[in-house]
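Chain residues, written in single-letter form:
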Amino acid sequence: MEEYAREPCPWRVVDDCGGAFTMGTIGGGVFQAIKGFRNAPAGVGHRLRGSANAVRVRAPHMGGGPLTMVGSAMMGGILLALIEGIGILLTRYTAQQFQNPLPFAEDPSQLPPKN
């Protein structure tokens, strides 16, 4: 029920894009750390330094500048619109299954005679 207590659509998209950008930045950092750890020479010390170095080297590309943030926000908005649209379509499609059936039409020949 919490989903319906949120703000209307325009501000909701902005909020969700901010969250999507943050998740992408954190997820990208974790991915680059794992990639640096795997590609470093053997030894825990070398691997930890390689992991930190990979994150440090790729941080400007992942964090980017305003243009990267706008692109990420636009992509998040487009994906959110697609997900919301598909959700609306599925809701409308499945709602037809649960409509009340039409009441049976009474047969006029079975009705009592009018006075």
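Residues numbered from 1 in each chain as written. Predicted model: local features only at pLDDT ≥ 70, side-chain atom pairs only at ≥ 80, totals over all residues. Heavy atoms only, no water.

Draft legend 1. Broad picture of the overall build of the protein. Helix and strand counts for the protein come out as three helices and zero strands. By the burial criterion, 12% of the 115 residues in the protein qualify as buried. Taking as baseline every contact in the protein between residues at least 6 positions apart, the subset at least 24 positions apart corresponds to 41%. Accessible surface, the protein as shown: approximately 9900 Å² in total, 68% of it carbon and sulfur. (Helix = DSSP H or I, 4+ residues; strand = E, 2+ residues; numbered from the N terminus. Buried < 20%, exposed > 50% of the residue type's maximum accessible area, 1.4 Å probe, protein only. Contact = heavy atoms within 4.5 Å. Areas by Shrake-Rupley, 256 points an atom, 1.4 Å probe, with all protein chains shown as cover.)

Draft legend 2. Structural view of the side chain of Gln 32. Of note, Gln 32 is situated in helix α1 (residues 9-39). The exposure class of Gln 32 is buried, given its relative accessible area of 8%. Contact partners of Gln 32, with chain neighbours within four places excluded, come to Ala 54, Val 55, Arg 58 and Met 62.

Draft legend 3. The arrangement of the UniProt feature "transmembrane region" (unreviewed entry) in the protein in detail. The feature "transmembrane region" (unreviewed entry), as annotated in UniProt, sits at residues 67-90 in this numbering. What you have in residues 67-90 is 100% helix and 0% strand, and the ends, taken at the C-alpha atoms, are 35 Å apart. (UniProt positions renumbered as here; feature names shortened; annotations may be inferred.)

Draft legend 4. Layout of the side chain of Ser 51. Relative to the elements of secondary structure, Ser 51 occurs in helix α2 (residues 44-63). A relative accessible area of 12% means that Ser 51 is categorised as buried. With sequence-adjacent residues up to four places away left out, Ser 51 is seen in contact with Ala 33, Gly 36 and Phe 37.

Draft legend 5. Fine view of the environment of Asp 15. Secondary-structure assignment places Asp 15 in helix α1. A C-alpha to C-alpha distance of 9.9 Å links Asp 15 and Gly 77, two positions 62 residues apart in sequence.

Draft legend 6. Summary view of a nonpolar patch on the surface. On the surface, Met 75, Ile 78, Leu 79, Leu 82 and Ile 83 cluster together to form a nonpolar patch covering roughly 510 Å² of accessible area. Locating Leu 82 in the fold gives a position in helix α3 (residues 66-95). Using a relative accessible area of 51% as the deciding quantity, one classes Leu 82 as exposed. (Patch = residues over 30% accessible without salt bridge, like charges linked within 9 Å, V, L, I, M, F, W, Y side chains within 5 Å. Salt bridge = Lys/Arg side-chain N within 4 Å of Asp/Glu carboxyl O.)

Draft legend 7. Focus on the confidence of the model for the protein. Predicted confidence across the protein gives a mean pLDDT of 78, with 77% of residues reaching 70 or more. Per-element mean pLDDT across the protein ranges from 78 in α1 up to 85 in α2. (pLDDT = per-residue confidence, 0-100.)

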